[in-house]
Amino acid sequence: MEQKRSKNPHKFFSGAEKQNIIAAIKAAEKQTSGEIRLHLEKRSRKPVFDRAVAVFKKLGMGRTALKNGVLIYLATSNQEFVILGDQGINEAVPENFWNDVAGRMSQLFKEDKFCDGVCEGITMIGEKLESHFPYLADDKDELSNEISIHDK
Ligand code: CA
Ligand code: CA
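Every value quoted in this text rests on a predicted model; they were computed, and no experiment measured them.

Engineer: What's the story with the packing of aromatic side chains in this structure? I'm lost.
Structural biologist: Working definition: an aromatic ring pair is given by the centre-to-centre distance plus the angle between the planes. With the rule as written, the count across this model stands at 5 aromatic pairs. Aromatic side chains F12 and F13 sit 4.9 Å apart centroid to centroid with 85° between the ring planes, which places their arrangement in the edge-to-face category. Using a relative accessible area of 2% as the deciding quantity, one classes F12 as buried. Overall, F13 belongs to the buried group, its relative accessible area being 2%. Plain terms: the ring middles of F12 and F114 are 5.2 Å apart, the flat faces sit at 65° to each other, and that makes the pair edge-to-face. Of the two residues, F12 is situated in the segment before α1 (15-28) and F114 in helix α5 (residues 114-130); the sequence distance between them amounts to 102 residues. Across the pair, exposure class does not vary: F12 and F114 are buried alike.

Engineer: Even after reading the chapter, I still don't get the coordination of the calcium ion (ligand 1), so can you show me in this structure?
Structural biologist: Metal coordination angles have textbook ideals: 109.5 degrees for a tetrahedral set of four donors and 90 or 180 degrees for an octahedral set of six. Bound to the calcium ion (ligand 1) on the protein side are E35 (OE), D139 (OD), D139 (OD) and K140 (O), at distances that span 2.1 to 3.0 Å. Of note, the calcium ion (ligand 1) draws all its donor residues from one chain, in the sequence arrangement E-x103-D-K. Between the two metals, the calcium ion (ligand 1) and the calcium ion (ligand 2), the spacing is 5.5 Å, and E35 donates to both. On the basis of relative accessible area, K140 is assigned to the exposed category, the value being 59%.

Engineer: Would you take a moment to explain the pairing of strand β2 (residues 69-75) for this structure?
Structural biologist: Most of β2 is tucked away, with 7 of its 7 residues classed as buried. The pairing of strand β1 (residues 35-41) with β2 spans 7 bridges and is classified as parallel. In the sheet register, E41 faces β2, and the bridge partner there is A75. Between the parallel pair β1 and β2, the chain is carried across by helix α2 (residues 48-58), and the sense of this crossover is right-handed. Both β2 and strand β3 (residues 80-85) contribute to a ladder of 6 bridges, which runs antiparallel. Residue pairing across strands places V70 opposite G85, the latter belonging to β3. If you look at the hairpin formed by β2 and β3, you'll find 4 residues sitting between the two strands, and Q79 has a positive phi there, around 60°.

Definitions and limits used
Residues numbered from 1 in each chain as written. Chains lettered and ligands numbered in written order. Predicted model: local features only at pLDDT ≥ 70, side-chain atom pairs only at ≥ 80, totals over all residues. Heavy atoms only, no water. Phe/Tyr/Trp six-rings, centres within 6.5 Å; stacked < 30°, edge-to-face > 60°. Buried < 20%, exposed > 50% of the residue type's maximum accessible area, 1.4 Å probe, protein only. Helix = DSSP H or I, 4+ residues; strand = E, 2+ residues; numbered from the N terminus. Donors = N, O, S within 2.8 Å, 3.2 Å for Na, K, Ca; no water. Pairing = 2+ DSSP bridges. Right-handed = clockwise from strand over helix to strand, strands pointing away.

Structure (structure tokens):
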């Protein structure tokens, strides 16, 4: 019988899956100056979008020079997620810029492919940002590539 995926945000992804996700972030950040982070927590006590905005702020993601941080927020209890870009991105791209990314992620999540969903989402975000925010020769890793995990 298939093992049920843990809702504990620390155990939701296996160690190997976490490494794959971090590798996807590093690879995406070689395409663009945009900075991508993944945040996991069990559940949101407010509407997920509002919570994602709060997490974005708490992680200091608004501090990139070009205002081009992107947060993937994922609640592990019900797999609700949000893709949230900073102001610099919102000013440069059309509305609903993330719709295809979110659609692809939802599709893979429904197939219980959460690591693939997150990794493909990260790759797509990097590709989409490339034309607006190309990778710069003097690139700095402005935001940690580690997965942020909130205990509650
Ligand atoms: Ca960077
Ligand atoms: Ca980074």
